[in-house]
Amino acid sequence: MKIKDSIVLITGGASGIGRIMGRMALEKGAKALAIWDINEQNIADTLNTHSKLGTVKAYRVDVSSYDKVKEAYQATCADLGQVDIIIQCAGIVTSNKLFNDNTAVEIDRTISINTIAPMYVGMVALNDMIKRDRGQIVTIASAAGMLSLPKMSIYAASKWGAIGWSDSVRIELQMRKSRVQMTTIAPYFINTGMFDGVESKIFPILDAEKTSEKILKATEKGKIFKGLPFSFHFIRLMQAILPARLLDFIFGELFGIYHVMDHFTGRK
């Protein structure tokens, strides 16, 4: 779906690639941009810069609460009109602990924001989109949703869930011959600060500007699934043909993927 003349909603839109894509959407001629975020200072800063580029409304939303999501979506539609494109960027990673060193709170927070929240947003938006036979939901998952990674088991689980949900809904829409689109994006680590301290030997940390541009391009092309970098599309192939121990050796030891979180600090 073309961004030009569309009303675009971005969750987690006041920081990282969410903020960048909001700016790019306005530069591409979006009719209006709705920003959902939890951080009031980031919201204020983003609203100040993005308002110079077009029509922008910002809302403080806790996407882990269904009631807050429903309330915010109704307010967004009342203020700007029916949303055409939703890009789901809100996400967290809490630590690089081994699974048994985590707390129930960390499990709940990660799954609530990374997995359940996209479902809440989809739940409040899809019926309207289906009635209009128009709309697109883009879910920013992660390459960690395709490859098991130590010291981020909860995060990986949350992104596996997000991928499974997004693609399952895509098939449902396809079967009912709806023109509403679901796009799933699975990027590697991006240099937004969220994964500060991550060390990657083989695959480069992705540039936030270039990655945002590729995501918007995939959105406009109506891509079903896009892994970033492109080489990550081969992960599933390797998982299918290689024995688990060999896969562990190649990706974990030779490529160093299983050690990327060893020195993680993250963004507070």
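The rules we used
Residues numbered from 1 in each chain as written. Predicted model: local features only at pLDDT ≥ 70, side-chain atom pairs only at ≥ 80, totals over all residues. Heavy atoms only, no water. Pairing = 2+ DSSP bridges. Helix = DSSP H or I, 4+ residues; strand = E, 2+ residues; numbered from the N terminus. Axes fitted to C-alpha atoms, helices over the stretch in contact; angles between N-to-C directions. Contact = heavy atoms within 4.5 Å. Salt bridge = Lys/Arg side-chain N within 4 Å of Asp/Glu carboxyl O. Buried < 20%, exposed > 50% of the residue type's maximum accessible area, 1.4 Å probe, protein only.

## Here we look at the sheet that holds strand S2 (residues 32-37)
Working definition: the strands of a sheet are paired by backbone hydrogen bonds and lie parallel or antiparallel to each other. Read from one edge of the open sheet, seven strands run S3-S2-S1-S4-S5-S6-S7, paired in parallel fashion. Across the chains shown, the open sheet's two edge strands, defined by having one partner strand only, are strand S3 (56-60) and strand S7 (225-228). Ignoring which end each strand starts from, the neighbouring axes of this sheet average 15 degrees apart. Two strands pair when backbone bridges link them, and strand S5 (residues 136-140) and strand S6 (residues 181-187) are joined in this way by five bridges, in the parallel orientation. Residue pairing across strands places Val138 opposite Thr183, the latter belonging to S6. Seen against the sheet, helix H1 (residues 16-27) touches strand S1 (7-11), S2, S3, strand S4 (85-88) and S5 and runs at an angle of roughly 170 degrees to S1. The strands touched by helix H4 (residues 104-132) are S1, S2, S4 and S5; relative to S4, the strand with the most contacts, the crossing angle is about 175 degrees.

## Overview of the pattern of salt bridges
Scanning the entire structure with this criterion turns up ten salt bridges. With a shortest N-O distance of 2.9 Å, Asp84 and Arg134 are connected by a salt bridge. Remark: Arg134 occurs in the loop between H4 and S5 and Asp84 occurs in the loop between helix H3 (66-80) and S4; sequence separation between them is 50 residues. Between Arg170 and Asp167 there is a salt bridge; the shortest N-O distance is 2.6 Å. Of this pair, Arg170 and Asp167 both sit in helix H5 (residues 153-175), separated by three residues, roughly a single helical turn. Taking relative accessible area as the criterion, Arg170 reaches 16% and is therefore assigned buried. Connected through shared salt-bridge partners, Arg23, Glu27 and Glu209 make up one network.

These results come straight from atomic positions and should not be treated as a statement about function.
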